[in-house]
Amino acid sequence: MPEVMLGGQAVPYTLVRNARSRHVRMTFTPEGLRVSAPTRLPQAEVDRAVASKERWLLRHHDLLAPAAPAPLVDGMALPFLDGEVELGVRTAGRASVAFRPEEGRIAVAVPASPESPAQVRDLVERGYRSVARDWFARACAHFGPQVGAQPTSISVRDPRTRWGSCSARGSVSLSWRLMMAPARVAEYVVVHELAHLVHLDHSRDFWSLVVRVLPDHGA
């Protein structure tokens, strides 16, 4: 299995040859890094293309498929776009969550029981999903005119294997986990999916549109 060096560590990846591909594409799945490349592109060129994206790979590594979720406890700092929020946990008669990004805080209340750790995690996800829904709507409204397309609907999901997707009917689905990534990554995914509403493939025209809207997305 081929490997790429990430932060001084060799990370194996799955190589998939695709006769229709014109470019080397990289995605993270629960099984690890997956690389798609044109059928006749020499292995050395594939390795060079993957290695050239080390900074991009490091930014994305483990965000979609973390190795082992850490326990969520009171006072813990959680990533939120370019900053972080403090987690507040308390016991109460009824489960609830209040996510206030402007205050840098997410507060959850859980009934005292052996299942509380799982409930905390579920409530934190619910809070992130709620914030993500509003953030994605604003991002689409902002970038839509620049791309020349607006989605017919926006859904927040947890696909694990990819950041986002779109349908031929114009609906866009985005992962709530993007709220735990840098803002520029979340913006890039939004633009990427909006561009698919104009070009359904990964053609040269598609990438030209993405670069026109976000010239430094690969930096």
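Parameters at a glance
- For every chain, the first residue of its written sequence is number 1, and the numbers climb from 1 along that sequence.
- Local features in a predicted model are, by the rule used here, given only for residues with pLDDT of at least 70; side-chain atom pairs are given and counted only at 80 or more, and totals for whole chains, interfaces and linings are based on all residues.
- Note that the side-chain values use all heavy atoms of the structure and ignore hydrogens as well as water.
- Paired strands are those between which DSSP finds at least two bridges.
- Counting from the N terminus, the helices are DSSP H or I runs at least four residues long and the strands are E runs at least two residues long.
- Axes, fitted as lines to C-alpha atoms, cover a helix only where it is in contact. Angles between the N-to-C directions of the axes lie from 0 to 180 degrees.
- Partly exposed residues are those whose accessible area sits between 20% and 50% of the maximum for their type, while under 20% is buried and over 50% is exposed, using a 1.4 Å probe and protein chains only.
- The directions from the helix axis to the C-beta atoms form the arc being described.
- We define a salt bridge as a side-chain nitrogen of Lys or Arg found within 4 Å of a carboxyl oxygen belonging to Asp or Glu.

Novice: Where do I start with the sheet that holds strand E5 (residues 77-80) in this structure?
Specialist: Strand pairing in a sheet relies on backbone hydrogen bonds. The paired strands run either parallel or antiparallel. Reading across from one edge, E5-E6-E8-E7 is the order of the four strands in this open sheet, with mixed pairing throughout. On the outer flanks of this sheet lie E5 and strand E7 (96-100), each paired with one strand and no other. Across the sheet, the mean angle from the axis of one strand to that of its neighbour is 25 degrees, orientation sign disregarded.

Novice: Just to check I follow, could you spell out helix H5 (residues 204-213) for this structure?
Specialist: Note: α-helices contain 3.6 residues per turn, so residues at a spacing of three or four share the same orientation. Among the residues of H5, Phe206, Leu209, Val210 and Val213 are the ones counted as buried. The buried residues of H5 occupy an angular sector of 95 degrees when the element is viewed end-on, so they sit on one face. Turned more than 90 degrees from where H5 packs its buried face, Arg204 and Arg212 sit exposed.

Novice: Explain the pattern of salt bridges here, please?
Specialist: Pairs can form between side chains of opposite charge whenever their charged atoms are close. Within this structure, the stated rule accounts for four salt bridges. Put simply, Arg48 and Glu45 hold a salt bridge, and the shortest N to O gap is 2.4 Å. With a gap of three residues between them, Arg48 and Glu45 both fall in helix H1 (residues 43-51), about one helical turn apart. Residue Glu45 is classed as partly exposed on the basis of its relative accessible area, which comes to 35%. Between Glu125 and Arg129 there is a salt bridge; the shortest N-O distance is 3.0 Å.

Novice: Please clarify how the sheet that holds strand E11 (residues 171-175) should be interpreted in this entry.
Specialist: The strand order across the open sheet formed by three strands is E9-E11-E10, and the pairing between neighbours is mixed. Two strands in the sheet have a free side with no partner beyond their single neighbour: strand E9 (153-157) and strand E10 (164-166). Adjacent strand axes in the sheet meet at a mean angle of 15 degrees, parallel and antiparallel pairs treated alike. Pairing of E9 with E11, which is carried by five bridges, proceeds in the parallel orientation. Each bridged residue has a counterpart across the sheet, and for Arg157 the counterpart in E11 is Ser175.

Novice: Before we go on, may I ask you to explain the pairing of strand E6 (residues 83-91) in this structure?
Specialist: The two faces of a sheet get side chains in turn, since along a regular strand they alternate between them. By the bridge criterion, four bridges tie E5 to E6 in an arrangement that is antiparallel. Bridge assignment links Leu78 to a residue of E6, and that residue is Val85. Hairpin connection between E5 and E6: a loop of two residues separates the two successive antiparallel strands, and Leu81 in this loop has a positive phi of roughly 50 degrees. Both E6 and strand E8 (residues 105-110) contribute to a ladder of six bridges, which runs parallel. Within E8, the position partnered with Val89 by the bridge is Val108.

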